[in-house]
Amino acid sequence: MAKIKKKYQSEVPKFIRTTAQILEKISPKLATSFAVKLFTTPIKYKLPKREIHWYETSNRKKIKVPTIQKEIVVYEHIKNSTYPNVLLVHGWSGRGTQLVKIGEALLEKNFNVYSFDAPAHGFAPGKQTIMTEFIASIQHLEAIYGSFDLMVGHSLGSMSILNSLARGSKTNKIVLIGSGDKIEDIVHDFVSKVGLSMKIAVKLQEQFEKKFNEPMSNYDAYKAAQKVNIPALVIHDQNDHDVSVEAGKHIAKHLNNCQWMETKGLGHRKILGDKQVIDRILTFVGYS
């Protein structure tokens, strides 16, 4: 099998890699089951101090998403019902308060700001989830609140926004930060960092496709991007070690109305609080 160019990287604890490698030697079936569980289990981090104020000043509510029968936690910052609405969508192992600096800046410019803890993230119940549940959550919030004027996503959140739009959601503009582009690359890199062989990557992919009765590639973000005609701002850092900048460039190439911003030295998460990034977002949505 050809060597896969790594676009998505992250450290995995040594004991997990050791366990995975032992399981593969004993039984590829057990190793695949172990990989599936890891792949669908986000890490719930403690709420950082910088996000506490945003959490405490929000109107919080649990909402059940009927199509997946799971609960999400929604955060509302509403200034005036006549103001435009923005939806912020966090990434894998993120939370609804993670885009706090972007949210604060938009709130100051008279946007009503909505965000949510996706299933099994933040304060939402559950332990396992997948991207299709992010998409279902976005679409259910749209059904409740109406179409959002702006959507801002980070990482998997960006991929979920593109897939939601490709499947019928509506918005006027989108901002995509640190987004992945191909599901197969994500799977391959995940299996690699866990210490398993590419044979397990194939088995993991086959298991998901059998369960959901469709190719995982149907959710490639760059493919969804081809169906999106609204103005888009794609932002990615040269030094993003979780998702390569090449993934962002690939998405930007397939969008029909795209602006590109490339940063340096911010990585995958610091980019969310950078002043130049936030200023560019405000300019993009009509404020200088």
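A quick note: this is a predicted structure, and the numbers were derived from the prediction, not measured.

Colleague: I tried to follow the overall build of the protein on my own but got confused; where do I start?
Modeller: Each helix and strand in the protein was counted, giving 11 helices and eight strands. Each principal axis of the C-alpha distribution contributes one length, and for the protein these read about 60 × 35 × 35 Å. Taken across its 288 residues, the protein has 53% of its residues classed as buried. Sequence-distant contacts in the protein: of pairs separated by 6 or more residues, those separated by 24 or more amount to 74%.

Colleague: Hey, could you run me through the nonpolar core in this one?
Modeller: Soluble globular proteins tend to bury their nonpolar side chains together. The biggest cluster of nonpolar side chains holds 54 residues, and the ones touching the most others in it are Leu 87, Phe 116, Leu 162, Ile 174 and Leu 255. Top element by residues in this core is helix 5 (residues 131-145). It accounts for six residues. Counting residues in each nonpolar core, the second largest holds 27 residues, with Leu 88, Leu 99, Val 113 and Ile 278 among its members.

Colleague: Help me understand unusual backbone geometry, please; the structure alone is not making it clear to me.
Modeller: Glycine aside, a negative phi is what most residues show, and trans is what most peptide bonds show. At Ser 93, a residue that is not glycine, the phi angle is positive and equals roughly 65°. Tracing the chain through its elements places Ser 93 in the loop between strand 3 (85-89) and helix 4 (100-108). One non-glycine residue, Ala 120, lies in positive phi territory at about 70°. Within the fold, Ala 120 resides in the loop between strand 4 (112-117) and helix 5.

Colleague: When you look at the pairing of strand 1 (residues 59-65) in this model, what are you seeing that I'm missing?
Modeller: If a strand is regular, its side chains alternate between the two faces of the sheet. Bridging between strand 1 and strand 2 (residues 70-77) involves seven bridges; their strand directions are antiparallel. Each residue of the ladder has a partner; that of Asn 59, found in strand 2, is Glu 76.

Colleague: Would you mind going over the sheet that holds strand 8 (residues 258-263) with me for this structure?
Modeller: Read across the sheet, eight strands follow the order 1-2-4-3-5-6-7-8 without closing on themselves; strand pairing throughout is mixed. Strands with a single pairing partner mark the edges of an open sheet, and in this sheet they are strand 1 and strand 8. Along the sheet, successive strands turn relative to each other by an average axial angle of 20°, direction set aside. Bridge count for strand 2 against strand 4 is five bridges, and the pairing is antiparallel.

Colleague: What is the right way to look at helix 5 in this model?
Modeller: Each turn of an α-helix holds 3.6 residues, which means side chains three or four residues apart point in the same direction. With 15 residues, helix 5 should reach 21 Å at 1.5 Å per residue; the first-to-last C-alpha distance of 21 Å fits that figure. Within the span of helix 5, buried status applies to Met 131, Glu 133, Phe 134, Ile 135, Ala 136, Ser 137, Ile 138, His 140, Leu 141 and Glu 142. One or two positions beyond helix 5, positive phi appears at Gly 146, with a value near 90°.

Colleague: I keep staring at the confidence of the model for the protein and nothing clicks. Help me out?
Modeller: A low pLDDT score tells you not to read the predicted coordinates there in detail. The predicted model of the protein has a mean per-residue pLDDT of 93, with 96% of residues at 70 or higher. Low pLDDT, under 50, characterises residues 1-10; the predicted model gives this stretch 33 contacts beyond four residues in sequence or across chains.

Colleague: So what exactly am I meant to see when it comes to the pattern of salt bridges here?
Modeller: Should the charged atoms of two oppositely charged side chains come close, the side chains can pair. Per the stated rule, a full pass over the model turns up nine salt bridges. Salt-bridge contacts for Glu 51 lead to Arg 95; the nearest nitrogen and oxygen are separated by 2.8 Å. Taken as a pair, Glu 51 in helix 3 (residues 49-56) and Arg 95 in the loop between strand 3 and helix 4 lie far apart in primary sequence, 44 residues in all. Its relative accessible area of 0% is what places Glu 51 among the buried residues.

Colleague: How should the environment of Leu 233 be read in this particular structure?
Modeller: Its location among the elements puts Leu 233 in strand 7 (residues 232-237). Along the chain, Leu 233 and Val 152 lie 81 residues apart, while their C-alpha atoms are 9.3 Å from each other. For Leu 233, the residues in contact, after removing those within four places along its chain, are Ile 174, Val 175, Leu 176, Gln 259, Met 261, Arg 280, Ile 281 and Phe 284.

Colleague: Can you help me understand the packing of aromatic side chains in this one?
Modeller: Given two aromatic rings, their pairing is described by the distance between the two centres and the angle made by the two planes. In the structure shown here, the tally under the stated rule is eight aromatic pairs. Ring centres of Tyr 114 and Phe 148 lie 5.8 Å apart, and the angle between their planes is 65°; this geometry places the pair in the edge-to-face category. Taken as a pair, Tyr 114 in strand 4 and Phe 148 in the loop between helix 5 and strand 5 (150-154) lie far apart in primary sequence, 34 residues in all. Across this residue pair, the class does not change: Tyr 114 and Phe 148 are buried. Taken together, the ring pairs in this structure connect Phe 39, Phe 190, Phe 208 and Phe 212 into an aromatic cluster.

Colleague: Just checking my understanding: could you explain the side chain of Ser 158 for this structure?
Modeller: With respect to the secondary-structure elements, Ser 158 resides in helix 6 (residues 156-166). We classify Ser 158 as buried; its relative accessible area is 0%. Of note is the side chain of Ser 158, whose polar atom sits 3.4 Å from the backbone nitrogen of His 154. Once residues within four sequence positions are removed from consideration, Ser 158 is found in contact with Gly 153, Leu 176, Ile 177 and Ser 179.

Thresholds applied
Residues numbered from 1 in each chain as written. Predicted model: local features only at pLDDT ≥ 70, side-chain atom pairs only at ≥ 80, totals over all residues. Heavy atoms only, no water. Helix = DSSP H or I, 4+ residues; strand = E, 2+ residues; numbered from the N terminus. Buried < 20%, exposed > 50% of the residue type's maximum accessible area, 1.4 Å probe, protein only. Contact = heavy atoms within 4.5 Å. Core = buried A, V, L, I, M, F, W, Y, C linked by side-chain atoms within 4.5 Å. Pairing = 2+ DSSP bridges. Axes fitted to C-alpha atoms, helices over the stretch in contact; angles between N-to-C directions. Expected span 1.5 Å × (residues − 1). pLDDT = per-residue confidence, 0-100. Salt bridge = Lys/Arg side-chain N within 4 Å of Asp/Glu carboxyl O. Phe/Tyr/Trp six-rings, centres within 6.5 Å; stacked < 30°, edge-to-face > 60°. Polar contact = N/O pair within 3.5 Å; in protein donor to acceptor, adjacent residues only side chain to side chain.

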